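For reference, the chains in residue letters:
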Amino acid sequence: MVELMVVLAVLGAILVLAAPGYQTLILNNRMLSETYALRATLSNARSEAMARRAPVVVCPTLNGTACEATNNWLPGYMSFVDTDGDNTADPNDPDEEILQYEARGIQASAIYDNGANRVRFTPRGTALGTQGTFTFCDERGAEQARALIVNAVGSVRAAIDTDADDIVEDAGGTDVTCP
């Protein structure tokens, strides 16, 4: 019985020490997953725009049918062909199909710093006028934030920390901030 109590005490101590590290691992993986999911959607939209030779829009959405006027993309986002240039998905037009809808919903934010609140890829794959930085934040703040940068030619890349302050920089070289 004494041996069992000692084993339980040791296991309890190990759990107390390991739990914070495990929580950090879960949060890091969640942020990485959200970053990769949006990057894949953006890359797919750009490829579709070039393959179809038609503009493709990626925007935040709550229901997968209409764009929302918000800069937080983590409730969900969608991509659709936009042949008439009105930045609105038209389910009655066969040339304007919805290509992808990603319902998200974690306790974090993905803020896009472009006032257009959308990324529009031209038939050549450029994103001129809708380029910017997506900043992914959770309750840990800017030191654990991740970011994606969409440049004017339409390529998407992960933001990096170039000044060794443990905060990644946006497209302009400024540290990202979290709301």
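For the structure, check the block above.
Worth saying up front: this structure is predicted, and the values here are computed from it rather than measured.

Definitions and limits used
- Residues numbered from 1 in each chain as written.
- Predicted model: local features only at pLDDT ≥ 70, side-chain atom pairs only at ≥ 80, totals over all residues.
- Heavy atoms only, no water.
- Helix = DSSP H or I, 4+ residues; strand = E, 2+ residues; numbered from the N terminus.
- Rg over C-alpha atoms; globule rule 2.2 N^0.38 Å.
- Contact = heavy atoms within 4.5 Å.
- Areas by Shrake-Rupley, 256 points an atom, 1.4 Å probe, with all protein chains shown as cover.
- Lys, Arg positive; Asp, Glu negative; His and termini not counted.
- Charge placed at Lys NZ, Arg CZ, Asp CG, Glu CD.
- Disulfide = S-S within 2.5 Å.
- Buried < 20%, exposed > 50% of the residue type's maximum accessible area, 1.4 Å probe, protein only.
- Salt bridge = Lys/Arg side-chain N within 4 Å of Asp/Glu carboxyl O.
- Pairing = 2+ DSSP bridges.
- Core = buried A, V, L, I, M, F, W, Y, C linked by side-chain atoms within 4.5 Å.

On to the overall build of the protein. Looking only at helices and strands, one finds 1 helix and 8 strands in the protein. Its helices and strands in sequence order give the protein the pattern α-β-β-β-β-β-β-β-β, from N to C terminus. For a compact globule of 179 residues, the expected C-alpha radius of gyration is about 16 Å, and the protein comes in at 20 Å, more than 25% above that figure. Overall, the protein is about 75 × 40 × 25 Å in size when its C-alpha atoms are taken along their principal axes. Here the analysis covers contacts within the protein between residues at least 6 apart in sequence; of these, 54% occur between residues at least 24 apart. Counting only carbon and sulfur atoms, one obtains 56% of the accessible surface of the protein, whose full area is about 9,700 Å². Separation between the mean location of the 12 positive side-chain charges and that of the 24 negative ones in the protein comes to 7 Å.

Attention now moves to the state of the cysteines. Per the counting criterion, the structure on display carries 2 disulfides. What pairs with Cys 59 in a disulfide is Cys 67, and their sulfur atoms sit 2.0 Å apart. Classification of the bridge connecting Cys 59 and Cys 67 rests on its S-S torsion, roughly -80°, and on that basis the disulfide is left-handed. A residue is classified by how much of its surface remains accessible, and Cys 59, at 1% relative accessible area, is buried. Cys 67 gets classed as partly exposed once you look at its relative accessible area, which sits at 30%. The disulfide that involves Cys 137 links it to Cys 178, with 2.0 Å between the sulfurs. Of note, the bridge from Cys 137 to Cys 178 carries an S-S torsion of about -80° and is left-handed in sense. Taken together, the positions of Cys 137 in strand β6 (residues 132-137) and Cys 178 in the segment after β8 (156-158) put the pair 41 residues apart, joining distant regions of the chain. Residue classification places Cys 137 among the buried positions, given a relative accessible area of 4%.

The next subject is the pattern of salt bridges. Using the criterion set out here, one finds 6 salt bridges in the structure. A salt bridge links Arg 52 to Glu 48; the nearest nitrogen and oxygen atoms lie 2.6 Å apart. Here Glu 48 and Arg 52 lie together in helix α1 (residues 2-52), a separation of 4 residues that amounts to about one turn. Salt-bridge contacts for Arg 140 lead to Asp 138; the nearest nitrogen and oxygen are separated by 3.0 Å. Three or more residues joined by partner-sharing salt bridges are found here, namely Glu 34, Glu 102 and Arg 104.

Counting buried positions along strand β2 (residues 76-81) yields 6 of 6 residues, so the element is predominantly enclosed. Side-chain alternation along β2 places Gly 76, Met 78 and Phe 80 on one buried face and Tyr 77, Ser 79 and Val 81 on a second face that is also buried. By the bridge criterion, 5 bridges tie strand β1 (residues 56-60) to β2 in an arrangement that is antiparallel. Its bridge partner being in β2, Val 57 is matched across the sheet by Phe 80. Here 5 bridges tie β2 to strand β3 (residues 98-103), and the two strands are oriented antiparallel to one another. Directly across from Tyr 77, in β3, lies its bridge partner Glu 102.

Among the nonpolar cores identified, the biggest contains 24 residues, and Leu 38, Leu 42, Trp 73, Val 119, Phe 121, Phe 134 and Val 150 are the most heavily contacted of them. For this core, the elements supplying multiple residues, two or more each, are α1, β1, β2, β4 (109-112), β5 (119-121), β6 and β7 (146-150). Of all the elements, α1 adds the most residues to this core, at 6 residues. For Val 119, the residues in contact, after removing those within four places along its chain, are Leu 42, Val 56, Val 57, Val 58, Trp 73, Tyr 112, Ala 127, Thr 130, Phe 134 and Val 150. One finds Ala 142, Ala 145, Ala 159 and Val 176 within the second-largest nonpolar core, a separate group that totals 9 residues.

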